[in-house]
Amino acid sequence: MERTLVIIKPDAVEKGAVGKILDRFITEGFRIRALKMFRFTVEQAREFYAVHKGRPFYNELVEFMTSGPVVAILLEGENAVKRVREIIGPTDSEEARRVAPMSIRALFGTDKGKNAVHASDSLESAAYEIPFVFSNLELC
Ligand code: CMP
């Protein structure tokens, strides 16, 4: 069993898509091990996305991720990291609509920046991101 972190981003929360996105992961067979809504501070978002520091989109990404509340979900399942990445689709929602029309980013995102969800891209990222967002007491 693997664990991975999904964050429903401010655009999808604002659209009222939280329920549909949660339902999709449950339907796909994942167990929800932790769940919460919060708003990143600028400092927290910069640290969470530290791996992208220096990239041209970094400031825009931090600005977007702090623009409203997000919903973090800790999912558990077999091959969770890879399977969740498949279910969410490519980073760019416009590309997702072409190559993976039923993916979450195709259905709920707009473009590369406003792409509805984040998910850990490796076991190593999950090991950094999960304890960044959830404390031990919040895990079920
Ligand atoms: P996410 O899975 O949250 O991980 C890093 C994020 O950076 C990514 O989704 C996108 O939202 C964002 N991102 C990646 N490339 C670009 C880009 N070229 N322009 C704007 N945002 C980007």
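Positions within a chain are numbered from 1, following the residues in the order the chain's sequence is written. Where local features are concerned, this predicted model is filtered to residues with pLDDT of at least 70; where side-chain atom pairs are given and counted, the filter is 80 or more; whole-chain, interface and lining totals use all residues.

Okay, the pairing of strand β1 (residues 2–8) next. Across a regular strand the side chains alternate sides, sitting on one face of the sheet and then on the other. Exposure criterion: with C-beta atoms placed from backbone coordinates, a residue whose C-beta has 20 or more other C-beta atoms within 10 Å is buried, one with 12 or fewer is exposed, and one in between is partly exposed. Secondary structure follows DSSP: runs of H or I at least 4 residues long count as helices, runs of E at least 2 residues long count as strands, and numbering of each begins at the N terminus. For β1, a buried count of 6 out of 7 residues is recorded, marking the element as mostly surrounded by other parts of the structure. Criterion used throughout: strands pair if DSSP finds at least two bridges between them. Alignment of β1 against strand β3 (residues 70–77), held across 7 bridges, turns out to be antiparallel. Of the residues in β3, the one forming a bridge with Leu5 is Leu74. The pairing of β1 with strand β4 (residues 117–119) spans 3 bridges and is antiparallel. Considered in β4, the bridge of Ile7 is made with His118.

Take the site of the ligand next. In the region of the ligand, the neighbouring residues are His52, Phe57, Glu60, Leu61, Thr91, Lys112, Gly113, Asn115 and His118. Residue polarity is assigned by list, with Asp, Glu, Lys and Arg as charged and Ala, Val, Leu, Ile, Met, Phe, Trp, Tyr, Cys and Pro as nonpolar; anything else, Gly included, falls into the polar class. Partitioning the shell around the ligand into residue classes produces 2 nonpolar, 5 polar and 2 charged. Residues are classed as near a molecule or strand if the C-beta position derived from their backbone is within 6 Å of it.

The set of residues buried in helix α4 (residues 58–65) consists of Leu61, Val62 and Met65. When α4 is viewed along its axis, its buried side chains cluster within an angular range of 95 degrees and face the same direction. Those residues of α4 that are exposed and angled more than 90 degrees off the buried face are Asn59, Glu60 and Glu63. Read the arc as the range of directions from the helix axis to the C-beta atoms.

Attention shifts here to the nonpolar core. In summary, soluble globular proteins display a tendency toward joint burial of nonpolar side chains. We define the nonpolar core as any set of buried residues of the types Ala, Val, Leu, Ile, Met, Phe, Trp, Tyr and Cys, connected via C-beta atoms lying within 7 Å of each other. Counting residues in each nonpolar core, the largest one holds 32 residues, and the members touching the most others are Val6, Ile8, Leu75, Val84 and Val117. Put simply, the parts of the chain that give this core at least two residues each are β1, α2 (18–27), α3 (42–48), α4, β3, α5 (80–88), α7 (104–108) and β4. The residues touching Ile8, leaving out its near neighbours within four places in the chain, are Val13, Val18, Ile21, Val70, Val71 and Val117. What counts as a contact here is a pair of residues whose C-beta atoms, placed from the backbone, lie within 7 Å.

Attention now moves to the UniProt feature "domain: Nucleoside diphosphate kinase-like" (unreviewed entry) in the protein chain. UniProt positions are given in the numbering used here, feature names are shortened, and annotations may be inferred rather than shown by experiment. Taking the UniProt record as the reference, the feature "domain: Nucleoside diphosphate kinase-like" (unreviewed entry) is found at residues 1–140. Strand forms 19% of residues 1–140 and helix 44%; the C-alpha atoms that close the span are 15 Å apart.

Once that is clear, we can look at the UniProt feature "binding site: ATP" (unreviewed entry) in the protein chain. With numbering matched to this structure, UniProt assigns "binding site: ATP" (unreviewed entry) to Lys9, Phe57, Arg85, Thr91, Arg105 and Asn115. By the element assignment, Arg85 lies in helix α5. Overall, the presence of 17 C-beta atoms within 10 Å leaves Arg85 in the partly exposed class. Contacts of Arg85, omitting those with residues within four sequence positions, involve Ala119 and Asp121. Take Asn115: it is sitting in the loop between α7 and β4. Under the C-beta neighbour-count criterion, Asn115 is labelled buried, with 26 such atoms within 10 Å. Those residues in contact with Asn115, other than ones at most four positions away along the chain, are Thr91, Asp92, Ser93, Arg105 and Gly109.

On to unusual backbone geometry. In this structure, Asn79 takes a positive phi of about 50 degrees despite not being glycine. By the element assignment, Asn79 lies in the loop between β3 and α5. Overall, Asn79 belongs to the exposed group, with 12 C-beta atoms counted inside 10 Å. Positive phi values are uncommon outside glycine, yet Ala116 reaches one of about 70 degrees. By the secondary structure assignment, Ala116 is in the loop between α7 and β4. Taking the C-beta count within 10 Å as the criterion, Ala116 has 26 such neighbours and is therefore assigned buried.

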